[in-house]
Amino acid sequence: MSEPDVATPKPTTESRGPSIDRPLLRRRQEFEEALSRNAGARGAEAGASLPRASLWGDAFHRFMKNKASVVAAIAFLALLAFVIIVPIVSNEDPYALDFSQAYLSPSWEHPFGTDQFGRDLLVRTALGGRVSFGIGFAATFMIMLVGIVYGATAGFFGGHVDNTLMRFLDALYGLPYLPFAILVLAIFGTVNFWTMVVALTIASWFTAARVVRGQIITLKQNDYVRAAYAVGARGPRVLYRHLLINTLGLIIVFVFLELPGVILGEAFLSFLGLGINPPKASWGTLAQDGYTAYATHPYIIVIPSVCIAWLILSAFFIADGLRDALDPRTKET
């Protein structure tokens, strides 16, 4: 008998071509490892906590994207730095009289020239800016304080309280702005920094009260206010924690809308001769001094007028940028 044939084992893949298949296996293994690493990294990112958003941080970034408002803010700060720094670094005495130096045209020695008493107008313009800024900010603060208290009271209580307070406000609206301020100054009998602040406050708080009242009435309808009442919060806490806090953005915007009007009102009253008593001055009194000599020395009235216009324009652009930053829904898309 013949021996049965023994099957010869077929060569395996490795034995056939190890130099061909091993690189393929290695690339596949590397691909699978890279895939697993990417999946792990994405899983870690998905499980990581998101950075906490900040209302004021977001508002700041939106404001910085508004180029006109950023330029206006820089101009506003530059003007504020001018009125603060110049009197400190200057060697000129703003109150020293020297008639031999009267009505000098602008030069290197006196960049803004001199007035009828020979006083340096650069320093006097900066000091006048301090007075105008001070009156403007102080009166605006008082206006917002009175307007917030009055408007929040009317809007929060509503009903007969709101109706009574608003009808009284409508009656005050019938009084003209500047004559009302002049009447208040006449009642005081003297004009100084604080009487000017009080007069401008009494004549200007009506709009602030209306704006705050309308905002409070709108916020009262929100669900979080109802929820606060449902968990037992009392009226004063709801008013402070949930209503007034949410009007803060509106108040900041309104400050920069009200500030130019207050400073312009002070300048107009000073231009009429009802401003700060000499030797102190504001931009309004400097403009009034320049008006008497504008035909021969026009620079005297031009300088404070440019400062007032600079302040008003920059404040309005800042208010516009703050409005869009704090409430992006108002921005047109």
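Rules used throughout
- Residues numbered from 1 in each chain as written.
- Predicted model: local features only at pLDDT ≥ 70, side-chain atom pairs only at ≥ 80, totals over all residues.
- Heavy atoms only, no water.
- Helix = DSSP H or I, 4+ residues; strand = E, 2+ residues; numbered from the N terminus.
- Buried < 20%, exposed > 50% of the residue type's maximum accessible area, 1.4 Å probe, protein only.
- Contact = heavy atoms within 4.5 Å.
- Areas by Shrake-Rupley, 256 points an atom, 1.4 Å probe, with all protein chains shown as cover.
- Polar contact = N/O pair within 3.5 Å; in protein donor to acceptor, adjacent residues only side chain to side chain.
- 1 Å grid on protein atoms, 1.4 Å probe; cavity = no way out; pocket = protein on both sides within 12 Å on 5 of 7 lines; lining within 4 Å.
- Points joined across faces, edges and corners; volume = space filled by probe spheres on them.
- Nonpolar A, V, L, I, M, F, W, Y, C, P; charged D, E, K, R; others polar.
- Axes fitted to C-alpha atoms, helices over the stretch in contact; angles between N-to-C directions.
- Parallel < 35°, antiparallel > 145°, perpendicular 65-115°, else oblique.
- Left-handed = near helix turned anticlockwise from the far one by under 90°.
- pLDDT = per-residue confidence, 0-100.

J.: Can you walk me through the overall build of the protein in this structure?
T.: Per the secondary structure count, the protein includes 14 helices and zero strands. Counting from the amino terminus, the protein carries its helices and strands in the arrangement α-α-α-α-α-α-α-α-α-α-α-α-α-α. The proportion of buried residues among the 333 residues of the protein is 38%. If you take every contact in the protein between residues at least 6 apart in sequence, the share linking residues at least 24 apart comes to 71%. Accessible surface, the protein: about 20,200 Å² in total, of which carbon and sulfur atoms supply 65%.

J.: Mind showing me how you'd approach the environment of H242 here?
T.: Turning to its location among the elements, H242 is positioned in helix 11 (residues 235–244). Through-space distance from the C-alpha of H242 to that of N222 is 9.9 Å; in sequence the pair is 20 residues apart. Excluding residues within four positions of it along the chain, H242 makes contact with Y224, A228 and R237.

J.: Mind showing me how you'd approach the side chain of R124 here?
T.: Relative to the helices and strands, R124 resides in helix 5 (residues 121–157). For R124, a relative accessible area of 5% corresponds to the buried category. Separated by 3.2 Å, the side chain of R124 and the backbone oxygen of P94 make a polar contact. Within the structure, R124 has its side chain in polar contact with the backbone oxygen of P279 (distance 3.3 Å).

J.: It is not clear to me how unusual backbone geometry should be interpreted in this structure. Could you clarify?
T.: With the exception of glycine, most residues fall at negative phi, and the peptide bonds are largely trans. A positive phi is found at Y103, a non-glycine position, where the angle reads about 55°. The residue Y103 is located in the loop between helix 4 (67–89) and helix 5 in this model.

J.: How should I be thinking about the layout of surface pockets in this particular structure?
T.: Summary: where empty space remains is shown by rolling a probe the size of a single water molecule over the atoms. In this structure, the second largest pocket spans a volume of roughly 200 Å³. As for the second largest pocket, its lining consists of 15 residues, and the residues nearest its centre are I276, P278, T285, Q288 and D289. Top contributing element to the lining of the second largest pocket by residue count: helix 13 (residues 283–291), with three residues. Residue composition of the lining of the second largest pocket, grouped by class: four nonpolar, seven polar and four charged.

J.: Looking at this structure, I do not really get the packing of helix 12 (residues 248–271) against helix 14 (residues 299–326). What am I missing?
T.: When two helices pack together, their arrangement is given by the angle between their axes and by how far apart the axes lie. Between helix 12 and helix 14, the shortest axis-to-axis distance is 8 Å and the interhelical angle comes to 165°. As far as their axial angle goes, helix 14 and helix 12 are roughly antiparallel. Two packed elements cross with a definite hand, and for helix 12 against helix 14 that hand is left-handed. For the pair formed by helix 12 and helix 14, the contact residues are G249, I252, V253, F256, L257, P260, I263, L264 and A267 on the first element and I308, L311, I312, A315, F316, I318, A319, L322, R323 and L326 on the second. Per-class residue counts for the contact of helix 12 with helix 14 are 17 nonpolar, one polar and one charged.

J.: In this structure, what is going on with the confidence of the model for the protein? I would like to understand it.
T.: Interpretation of this model should avoid reading the predicted coordinates in detail wherever pLDDT is low. Per-residue confidence for the protein averages 81 on the pLDDT scale, and 85% of its residues sit at or above 70. Within the protein, helix 4 carries the highest mean pLDDT (93), whereas helix 1 (residues 13–16) carries the lowest (46). The low-confidence segment residues 12–20 (pLDDT under 50) makes four contacts with residues lying over four places distant or belonging to another chain.

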